[in-house]
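Each chain is listed here by its residues.
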Amino acid sequence: LSSKQDWFPWSLLLLSLTCDTGAFYVPGVAPINFHQNDPVEIKAVKLTSSRTQLPYEYYSLPFCQPSKITYKAENLGEVLRGDRIVNTPFQVFMNSEKKCEVLCSQSNKPVTLTVEQSRLVAERITEDYYVHLIADNLPVATRLELYSNRDGDDKKKEKDVQFEHGYRLGFTDVNKIYLHNHLSFILYYHREDLEEDQEHTYRVVRFEVIPQSIRLEDLKADEKGSCTLPEGTNSSPQEIDPTKENQLYFTYSVHWEESDIKWASRWDTYLTMSDVQIHWFSIINSVVVVFFLSGILSMIIIRTLRKDIANYNKEDDIEDTMEESGWKLVHGDVFRPPQYPMILSSLLGSGIQLFCMILIVIFVAMLGMLSPSSRGALMTTACFLFMFMGVFGGFSAGRLYRTLKGHRWKKGAFCTATLYPGVVFGICFVLNCFIWGKHSSGAVPFPTMVALLCMWFGISLPLVYLGYYFGFRKQPYDNPVRTNQIPRQIPEQRWYMNRFVGILMAGILPFGAMFIELFFIFSAIWENQFYYLFGFLFLVFIILVVSCSQISIVMVYFQLCAEDYRWWWRNFLVSGGSAFYVLVYAIFYFVNKLDIVEFIPSLLYFGYTALMVLSFWLLTGTIGFYAAYMFVRKIYAAVKID
């Protein structure tokens, strides 16, 4: 969650803008002007639950249906999110009130749920499902009023208003299950300023709902489809007994209110955070700690290096210099090609592809161009960008492979184009089979899967080959020292030079930089919340790049000082050490924050988490590797080699 007050100042700071633009964002859709009594269409998106992580279509439950069901054409991101936007029978007209209206039929006959339908509705209620509707592309929200002052004086108590996305399908109380069968819609409109002769137009700026459960006996319906709500709190809720047929009315009411909120600012309600200050202080704390530690590390390494280079370049006492130990001694082996150069260059190529995609997506989103009003735009953009960034990934992989004395460039290009995407596609396909089995809307349809495969082999693969060809033809990286023909013997290493110890040590600083942001990202993914902190995320990404680079340089320096020149693979693995902490945090989050107990939701969580950890390891490993490679070339170019 976010608001203009928290993410936008960082955008201004980072972009050096001086104007105060308040509620600026580039909307995904043009504003729609409504006249008095114009129809405002209410559409359903899906049903979601943080307990099962399985979205379902709206009409997977026995809700009232219109005479003709029409599904909206969706973009790639919406399909992958499990959205299935469909029309509903709610009849809402601009600035026109409705006291109580019966859905499903115009007569006063109630709806009868069969035993099977009753069991399904009861199951979804116990699984904490939420219903998501939209009006004029605005998602419905349930208002929650919390008291911020806890002292006894009621007059001094202040209401802290928060919004819950969607509304609860129902609730349970003392082993009984109740359905929210009456919806009180509250729509807010902004009256547009026009010339005197013109008719007033209105724009929808907020969509709220108050769900209620009212039993059949307390709702009085007439032949015209109107109904009368019970007065006060005397009514009982509508119980759903999963063992028998249930009769009930589906009803709704509509209330309109004028609002000062302008159309451009209407998403602020949904993006408002309850803990803005906590986020600010946490991010600032991370920035200070990371830059402080980075400064200390830089000072130490620069001073030590200067001393090393000065000693190595002394020509007075050649014998003493020959007896010296340290990183200069391995100059004849430090650029010796590692094992499996093709796989290493392929993984680093995919890392470059990910890096370019993430950087562009975060930057564009920070500018407001991927706002939540463009439903699914973020995921669609990320997918297409990853495909098109294949040319950069292929180029970097090809040039590195040539530097590592590789010859089979066609095989290397194919490996780069298929290794990481193949793992991602394989895991997603297996998970998708389980989601299909549950008949969830989260399952990617077969045509979409074929389209993704066509994008992979039709766009990404040719671009990777193109980039790889030019990268392989380009002059390889110029290494400042020659490699000896006979490998030098590596002395026995201390315990703290163990690879796993290195991963633990190297991962702490980058993980500490992004720990707070990770919590909000996980909340957005797994608890169905909006994420719009892209200004913060951009800052955190920059800190992550800096901290990964510096910790990687420190680790490779220690390794070379210990006369271990096999740094290529080790540095790539160790630089991605923060991915190990992300995995540990994901397990902690699963145990402490989520209420998932079933097998398939757990499998989905850990399957998608594995993909996140793999991608994060590739990203941080690539950043660290290239920083270390530049550092190693610099220091060996600075010493005189006989």
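Conventions we followed
Residues numbered from 1 in each chain as written. Predicted model: local features only at pLDDT ≥ 70, side-chain atom pairs only at ≥ 80, totals over all residues. Heavy atoms only, no water. Helix = DSSP H or I, 4+ residues; strand = E, 2+ residues; numbered from the N terminus. Buried < 20%, exposed > 50% of the residue type's maximum accessible area, 1.4 Å probe, protein only. Areas by Shrake-Rupley, 256 points an atom, 1.4 Å probe, with all protein chains shown as cover. Salt bridge = Lys/Arg side-chain N within 4 Å of Asp/Glu carboxyl O. Disulfide = S-S within 2.5 Å. Phe/Tyr/Trp six-rings, centres within 6.5 Å; stacked < 30°, edge-to-face > 60°. Pairing = 2+ DSSP bridges. Contact = heavy atoms within 4.5 Å. Core = buried A, V, L, I, M, F, W, Y, C linked by side-chain atoms within 4.5 Å. Domains from an automatic or database assignment. Patch = residues over 30% accessible without salt bridge, like charges linked within 9 Å, V, L, I, M, F, W, Y side chains within 5 Å. Axes fitted to C-alpha atoms, helices over the stretch in contact; angles between N-to-C directions. Parallel < 35°, antiparallel > 145°, perpendicular 65-115°, else oblique. Left-handed = near helix turned anticlockwise from the far one by under 90°. Expected span 1.5 Å × (residues − 1). Bend = angle between axes of the 7 residues up to and from the residue.

Asker: Give a description of the overall build of the protein chain that names residues and reports values.
Answerer: Secondary structure assignment for the protein chain yields 15 helices and 17 strands. Across the 642 residues that make up the protein chain, the buried fraction comes to 51%. Only carbon and sulfur atoms are counted for the fraction: they give 58% of the accessible area of the protein chain, which is about 31,400 Å².

Asker: Describe in detail the pattern of salt bridges, supporting the description with residues and values.
Answerer: Summed over the entire model, instances satisfying the criterion amount to 12 salt bridges. The salt bridge partner of Arg-51 is Asp-595, with a shortest N-O separation of 3.3 Å. In this pair, Arg-51 sits in the loop between strand S1 (42-48) and helix H2 (76-81) while Asp-595 sits in the loop between helix H14 (578-592) and helix H15 (599-638), placing the two residues 544 residues apart along the sequence. Its relative accessible area of 44% is what places Asp-595 among the partly exposed residues. When the shortest N-O distance is used, the salt bridge between Arg-124 and Glu-123 registers 3.7 Å. You can call Arg-124 buried: its relative accessible area is 7%. Among the charged side chains, a network of salt bridges with common partners joins Lys-46, Arg-81 and Asp-83.

Asker: Outline the state of the cysteines, listing residues and values.
Answerer: Summed over all chains, the structure comprises one disulfide. The side chain of Cys-100 participates in a disulfide bridge whose partner is Cys-227; the two sulfur atoms lie 1.8 Å from each other. Taking the sign of the S-S torsion, about -85° here, the bridge from Cys-100 to Cys-227 comes out left-handed. Here Cys-100 is found in strand S3 (residues 98-102), whereas its partner Cys-227 is found in strand S15 (residues 227-228), with 127 residues between them in sequence. The class for Cys-227 is buried, based on a relative accessible area of 10%.

Asker: Which residues make up the packing of aromatic side chains, and what values do they have?
Answerer: Within this structure, the stated rule accounts for 51 aromatic pairs. Taking the centre distance of 5.5 Å and the plane angle of 45° together, the rings of Phe-185 and Phe-207 count as tilted. Placement of the pair is Phe-185 in strand S12 (residues 182-191) and Phe-207 in strand S13 (residues 202-212), with a sequence separation of 22 residues. Side by side, Phe-185 and Phe-207 carry an identical accessibility label, which is buried. Ring centres of Phe-185 and Tyr-252 lie 6.4 Å apart, and the angle between their planes is 50°; on these two criteria the pair is classed as tilted. Pair noted here: Phe-185 is in strand S12 and Tyr-252 is in strand S17 (residues 251-258), with a separation of 67 residues, a long-range link.

Asker: Explain the pairing of S12 to me, using residue names and the numbers behind them.
Answerer: Of all 10 residues in S12, nine are buried; the element is thus mostly enclosed. Strand direction decides the pairing type here: S12 and S13, joined by 10 bridges, are antiparallel. Bridging from a neighbouring strand, Leu-187 pairs with Phe-207 of S13. The pairing of S12 with S17 spans eight bridges and is classified as parallel. Opposite Ser-184, over in S17, you have Ser-253 as the bridge partner.

Asker: An account of the environment of Leu-452 is requested, with residue identities and associated values reported.
Answerer: Mapped onto the fold, Leu-452 is located in helix H10 (residues 446-473). Counting along the chain gives 376 residues from Leu-452 to Leu-76, while the straight-line C-alpha distance between them is 9.2 Å. Once residues within four sequence positions are removed from consideration, Leu-452 is found in contact with Leu-76, Leu-80 and Met-387.

Asker: Now, about the side chain of Ser-549: what can you tell me, with residues and values included?
Answerer: Within the fold, Ser-549 resides in helix H12 (residues 534-561). Ser-549 sits in the buried class, given a relative accessible area of 17%. Those residues in contact with Ser-549, other than ones at most four positions away along the chain, are Ile-623 and Ala-627.

Asker: Requested: an account of the nonpolar core, with residues and values cited.
Answerer: Counting residues in hydrophobic clusters, the biggest one holds 83 residues, and the most contacted among them are Trp-567, Phe-572, Phe-625 and Tyr-636. Secondary structure elements with two or more residues in this core: helix H4 (276-312), helix H6 (341-366), helix H7 (377-388), helix H11 (499-526), H12, helix H13 (568-575), H14 and H15. Ranked by the residues each element gives to this core, the list is headed by H15, at 16 residues. Residue contributions to this core reach at least three from each of two domains, namely domain 2 (276-307 + 506-601 + 624-641) and domain 3 (339-477). The contacts of Phe-625, once residues within four sequence positions are left out, are Leu-344, Leu-348, Leu-400, Ser-552, Trp-567, Trp-568, Asn-571, Phe-572 and Ser-575. Among the nonpolar cores identified, the runner-up in size contains 55 residues, and Ala-122, Ile-125, Leu-138 and Leu-248 belong to it.

Asker: Please give an account of a nonpolar patch on the surface that cites residues and values.
Answerer: Judged by side-chain polarity, Phe-429, Val-430, Phe-434, Trp-436, Phe-446, Val-450 and Phe-599 come together as a nonpolar surface patch covering roughly 670 Å² of accessible area. Secondary-structure elements contributing two or more residues to the nonpolar patch are helix H9 (409-437) and H10. By residue number, the principal contributor to the nonpolar patch is H9, which donates four residues. Classification of Phe-599 as exposed rests on a relative accessible area of 57%.

Asker: Explain the packing of helix H8 (residues 390-403) against H15 residue by residue, including any values.
Answerer: How two helices sit against one another is set out by the angle between their axes and by the gap between those axes. Interhelical geometry of H8 versus H15 gives an angle of 45° and a closest axis separation of 14 Å. Judged by the inter-axis angle, H8 sits oblique to H15. H8 and H15 meet at a crossing whose hand is left-handed. Here Ser-396, Leu-400 and Thr-403 of H8 lie close against H15, whose contacting residues are Phe-625, Tyr-626 and Tyr-629.

Asker: Before we move on, could you go through H11 and cite the residues and values that matter?
Answerer: Here H11 is 28 residues long, yet its end C-alpha atoms lie only 33 Å apart, well below the 40 Å a rise of 1.5 Å per residue gives. The largest bend in H11 comes to about 50°, at Phe-515.

All we've got here are geometric facts, nothing functional implied.
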